[in-house]
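One-letter residues, chain by chain:
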Amino acid sequence: MTLPYLYHGQTSNWLTHTDHTLTLKLATEKSLPVKRVCVRHEPDNEEYLVDMVLDGESERLNYWRATISLNKDRPVSHYVFKLITEDKQFWLDAFGVHTRVPGRETHFKFNAQHQPPSWVSEQVFYQIFPDRFSNGKPEISVRDNEYRVSGGRKAVIAKQWGQPVDSENGGCEFYGGDLYGVEQQLDYLQELGVTALYLNPVFTAPSNHKYDTSDYLNIDPHLGTNEHFAALCDNLHQRDMKVMLDAVFNHTSTEHPWFNLQGLHTTLGAYQSESSPYRDYYFFNQGSQDYIGWKGIQSLPVLNFENQQVKDYIYQSEEAVIKHWLKPPYSIDGWRFDVIHMLGEGEGAKNNAHYVKAFRESAKQVNADCYVLGEHFFEASQWLQGDQEDGAMNYYGFAHPVRALLAKLDIAFDPIELSISEFLDWQAEARAKIPWANQLSQLNQLDSHDTARFLELVKHDPRLFKLAATLLFSYVGTPCIYYGTELGMLGSHDPDNRRCMPWHEVDSNAYLPFFQQLTQMRTQHPELQKGDYQLLYHDNESFIFSRQLGDKCSLCCFNLAEQPNQVTVEAWKLGLHHGQFGARFEAQDVTVVDGQLTLSIPAMSGEVFHFES
């Protein structure tokens, strides 16, 4: 059966709200002989069908309007559209059009109480792994054998910038990158088009990755000082840039004074004695030194959030860590919470939602516009309904499907074959499960410190790499460049994906100008930041979607074939019947004639066309 065209966007053109109501707009084909158009919602957990009234038209579309009441029992209201013809019915939810009522999981959602900061979707983020980005102050760099890591089992190793990473000693090799180096490269980052920094952990910790915190209130002395970090934050804010820090609160280092495995501190640590005041900060088998480590890793003992002192220190008191860095003189703009889905009371993340909500509340008390980002390698829908996280590192909804489609590998490096339809359905499912504002606040990346470099995954194919990068900057969510991706850095599994930034390549790099074009495109076109998504066309080798915000519209076109693909797009679905789209990269400008346009997508590439009214 051919399904009719029905569309509801979730920007202000389609949805407005008051304290108690939502006013919704729906587009339907004029050729569809409807007898009734209504909105289904459940304001008291019972179904109500509210009739929609005709409220406008274009040459091919009718526009309908209705107002529904918001739920009073919970922040999130769900709704879905129902259309009745002479002998059929059709339903529209956030996933698409159906011939029966869809399950509630994919109904449109609006959270009236909890919204992400509006600034997030306007950014181009840049992720920095500090030890590998830039050495600005060599005299503070780690020295060979300066101390021991991994519970005292390995000595640290100082290496020359650019030397190969040794997979056997991944956590204890240091190259000297620091926060002074970050500050020295701010002009480079701004010229690239970056507007926000995401820094991997910078607090005192023994390893180079610093996901084993030993002091939450001080910058690691091999990276800088608290005073310098305050100056760096001020410098960033003076440049109208944002900064987000990485928070590792599920576990600490064994070298944290609370644990004190090596006896480096004067405190009586939890590992040293059952009578330690910190013993209950962790999980020990009674009368022994056996304790729970994150995923069984003994250098990362898990914190016990049933302990009131732990709660106070991390998030609950006025001096809590979460609040400390959000206040002056640092005034950071966001927290990225490491493995936040695992955090809770004991093994199994008991009461996890309670603690994620508490982290959010703690941060928002200091800065209501703080970005609360969670790390989840797989589906994160339950954390993204608005009351827990503003967004997640969007592995499930972006990185995984893009990797599967273009590299034909899943996250475990197992082979996978996706058709274009299956790829689009994967993304649609991920979007449909969360409110629109949270979709816009997802952090999209091609690669990160935990995944192989994307150019490595696609076997160094520049065409697939550029296609993926174009998708990163045009898709729903906020783009984030992992340091060096703009230079086409290579690298496989951790730690090979954490090579040193090749600064000597910047002046002659072929990818850098392309990424500058992408950041400029994103910054200049608000529809790519906040605009509605609409899939307009797909076949076995190509797909086209639009991003539309008011009278601004971009067509995002992708072709995986080895030859150009000429396609016809139904622009009338966008309310456009005449006008012209200008190409961003190589293709020719195209004209809308009688609600349609024909365009050619170059082989193995992505192209973006912007509407010129």
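Residues numbered from 1 in each chain as written. Predicted model: local features only at pLDDT ≥ 70, side-chain atom pairs only at ≥ 80, totals over all residues. Heavy atoms only, no water.

By the naming in an unreviewed UniProt entry, the chain goes by Maltodextrin glucosidase and is assigned to Vibrio sinaloensis DSM 21326.

### Section: helix α3 (residues 226-238)
Under the convention used in this document: What counts as a helix is a DSSP run of H or I of at least four residues, what counts as a strand is a run of E of at least two, and both are numbered from the N terminus. Working rule for helices: expected span equals 1.5 Å times residues minus one. A 1.4 Å probe rolled over the protein chains alone gives each residue an accessible area, and that area as a share of the maximum for its type sets the label: buried under 20%, exposed over 50%, partly exposed in between. Contacts between residues were defined by any pair of non-hydrogen atoms, one from each residue, lying within 4.5 Å.
Between its terminal C-alpha atoms α3 stretches 18 Å, which fits the 18 Å expected from 13 residues at 1.5 Å a residue. Buried residues of α3: N226, H228, F229, A230, L232, C233 and L236, and no others. Of the surrounding secondary structure, the elements contacted by the buried residues of α3 are α1 (179-184), α2 (186-192), β17 (196-199), β19 (215-219) and β20 (242-247). Note on α3: the residue one or two positions beyond its end, D240, has a positive phi of about 65°.

### What about the UniProt feature "site: Transition state stabilizer" (unreviewed entry) in the chain?
Which entries qualify depends on this criterion: UniProt positions are given in the numbering used here, feature names are shortened, and annotations may be inferred rather than shown by experiment.
UniProt records the feature "site: Transition state stabilizer" (unreviewed entry) for D450 in the present numbering. Tracing the chain through its elements places D450 in the loop between β24 (443-444) and α10 (454-457). A relative accessible area of 29% means that D450 is categorised as partly exposed. Setting aside chain neighbours within four positions, we find D450 in contact with R336, E375, F377, Y395, N497 and R498.

### A short note on the packing of aromatic side chains
Two measures describe an aromatic ring pair: the distance that separates the ring centres and the angle between the ring planes. Heads up, the rule is: Classification of ring pairs rests on two measures: the distance between centres of Phe, Tyr or Trp rings, Trp counted by its six-membered ring, which must be within 6.5 Å, and the angle between planes, read as stacked under 30 degrees, edge-to-face over 60 and tilted in between. Here, over-ring charges are defined by two tests on the NZ atom of lysine or the CZ atom of arginine: distance to the ring centre within 6 Å, and angle to the ring normal within 35 degrees.
Throughout the structure, instances matching the rule amount to 55 aromatic pairs. Between F81 and F108 the ring centres are 5.9 Å apart and the planes differ by 70°, which places this aromatic pair in the edge-to-face class. A residue pair is termed long-range when its members are at least 10 positions apart, and F81 in strand β8 (residues 76-84) and F108 in strand β11 (residues 108-111) qualify at 27 residues. Taken individually, F81 and F108 each receive the classification buried, so the pair is uniform in this respect. Between F203 and W335, the ring centres sit 6.3 Å apart and the planes meet at 55°, which makes this aromatic pair tilted. On the criterion of sequence distance, the pair formed by F203 in strand β18 (residues 203-204) and W335 in strand β21 (residues 334-337) is long-range, its members being 132 residues apart. On the basis of relative accessible area, F203 is assigned to the buried category, the value being 3%. Accessibility expressed as a relative area gives 0% for W335, which makes it buried. Taking NZ or CZ as reference, R403 lies 4.9 Å from the ring centre of F413, over its face.

### Structural notes on the nonpolar core
Soluble globular proteins tend to bury their nonpolar side chains together. Heads up, the rule is: Joining through side-chain atoms within 4.5 Å is the link that ties buried Ala, Val, Leu, Ile, Met, Phe, Trp, Tyr and Cys residues into a set, and such a set is a nonpolar core.
With 117 residues, the main nonpolar core has Y126, L197, F229, F249 and W335 as its most contacted residues. Tallying contributions element by element places helix α11 (residues 462-474) first for this core, with 8 residues. Excluding residues that lie within four positions of it along the chain, F229 makes contacts with L179, L199, I219, L245, W325, Y330 and I332. Ranked by size, the runner-up nonpolar core spans 20 residues in total, among them L32, L92, F108 and F110.

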